[in-house]
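# What the coordinates show
Residue strings, one per chain:
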Amino acid sequence: MQPQFIIIHQQVVPHVAHIQLNRPKELNALNLELMGELRDALKQLDADDQVRAIVLSGNEKAFAAGADIKQMAGKTAIDMYNIDQFSTWDTIKKIKKPIIAAVSGFALGGGCELTMLCDMIVASETARFGQPEIKLGVIPGAGGTQRLTRAVGKALAMEMVLTGRFITAQEAHQAGLINRIVPTELFLSEAIKLAAEVAAMSPIAIKMAKEAVLKAFDSTLEEGLHFERKNFYLLFASDDQKEGMQAFMEKRTPDFKGR
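Heads up: these notes are all about the structure in this document. Computed from a predicted model, the values in this text were never measured in an experiment.

Bringing the pattern of salt bridges into the picture now. Counting across every chain of the model gives nine salt bridges. Its salt-bridge partner being Arg-39, residue Asp-40 comes within 3.0 Å of it at the nearest N-O pair. Between Glu-243 and Arg-252 there is a salt bridge, with its nearest N and O atoms 2.7 Å apart. Residue classification places Arg-252 among the partly exposed residues on the basis of a relative accessible area of 34%. If you follow the salt bridges from partner to partner, you end up with Glu-159, Arg-165 and Glu-171 in one network.

For Leu-38, the location among the structural elements is in helix H1 (residues 32-46). Residue class for Leu-38 comes out buried when judged on its relative accessible area of 0%. Along the primary structure Leu-38 and Ser-189 are separated by 151 residues, whereas in three dimensions their C-alpha atoms are 21 Å apart. With near-sequence residues (within four places) excluded, Leu-38 lies in contact with Ile-6, Ile-19, Leu-21, Leu-56, Ile-92 and Leu-114.

With that settled, consider helix H5 (residues 110-117). Summarising burial for H5: eight of the eight residues are buried, a large majority. For H5, every residue scored as buried is listed here: Gly-110, Gly-111, Cys-112, Glu-113, Leu-114, Thr-115, Met-116 and Leu-117.

Turning next to the pairing of strand E1 (residues 6-13). Pairing of E1 with strand E2 (residues 16-21), which is carried by five bridges, proceeds in the antiparallel orientation. Paired with Val-13 across the two strands is Val-16, which belongs to E2. Here E1 folds back onto E2 in antiparallel fashion, the turn holding two residues, of which His-15 has a positive phi close to 70°.

Take the nonpolar core next. Counting residues in hydrophobic clusters, the biggest one holds 45 residues, and the most contacted among them are Leu-21, Leu-114 and Phe-129. Looking at which element gives the most residues to this core, the answer is H1, with six residues. For Leu-114, the contacting residues outside a window of four places in its chain are Leu-21, Leu-30, Met-35, Leu-38, Leu-56, Phe-63 and Trp-89. Formed by 13 residues, the second largest nonpolar core is a distinct cluster that contains Val-55, Ile-100, Ala-195 and Ala-199.

Thresholds, definitions, all that
Residues numbered from 1 in each chain as written. Predicted model: local features only at pLDDT ≥ 70, side-chain atom pairs only at ≥ 80, totals over all residues. Heavy atoms only, no water. Salt bridge = Lys/Arg side-chain N within 4 Å of Asp/Glu carboxyl O. Buried < 20%, exposed > 50% of the residue type's maximum accessible area, 1.4 Å probe, protein only. Helix = DSSP H or I, 4+ residues; strand = E, 2+ residues; numbered from the N terminus. Contact = heavy atoms within 4.5 Å. Pairing = 2+ DSSP bridges. Core = buried A, V, L, I, M, F, W, Y, C linked by side-chain atoms within 4.5 Å.

Rendered as structure tokens:
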């Protein structure tokens, strides 16, 4: 079936796919259906050998202005438990290929949390990040208290979560939440350019590198170093390692195949 709430561009440039959130009238509010479509599309692209990196965007006005409150307002605790909406987020977290968020306008609540599920963030000058759930009598539920604190530190995370204050792209960059700020008209093209740079590397090394970096968030330093070294050694079983080192010695661009 054709997705209703996202648009998939299979190859915007070689080896780079682009998924656009597409509920413009609702500022790309994340309803259950959109998140299900996004999960399924990411799983499909993760299994596609022609795709090595993925760009996720909204539009100029909003990456995503939060969850769809209308779907949640009347629910009970048991309803929310049975819906288990966060299992979709857990699946997205397990995508092996790098995901780059291209953010312009609002990235609030679930939208901010979705950018933090991505591996890098390119933001426009108009981007605003925030966790305003406290103003609705709840708290973030998809990582806003955990990933945000790890990204920007306790003081700023506390302020954002407890007051609902939005931060600018400049503040987000200074705090380490995003990779770079670009003019609004370039936010998507610059994210695609960054994805293409990643996609030029060995696909198998990219996935193992992402896996190793993420391991730093749920392990001790000693455990993380052990994991890193295992992946380092394992890559010496790949054709890409042979090609990469041979190309370096021959002073040419490597031709990685992902094997």
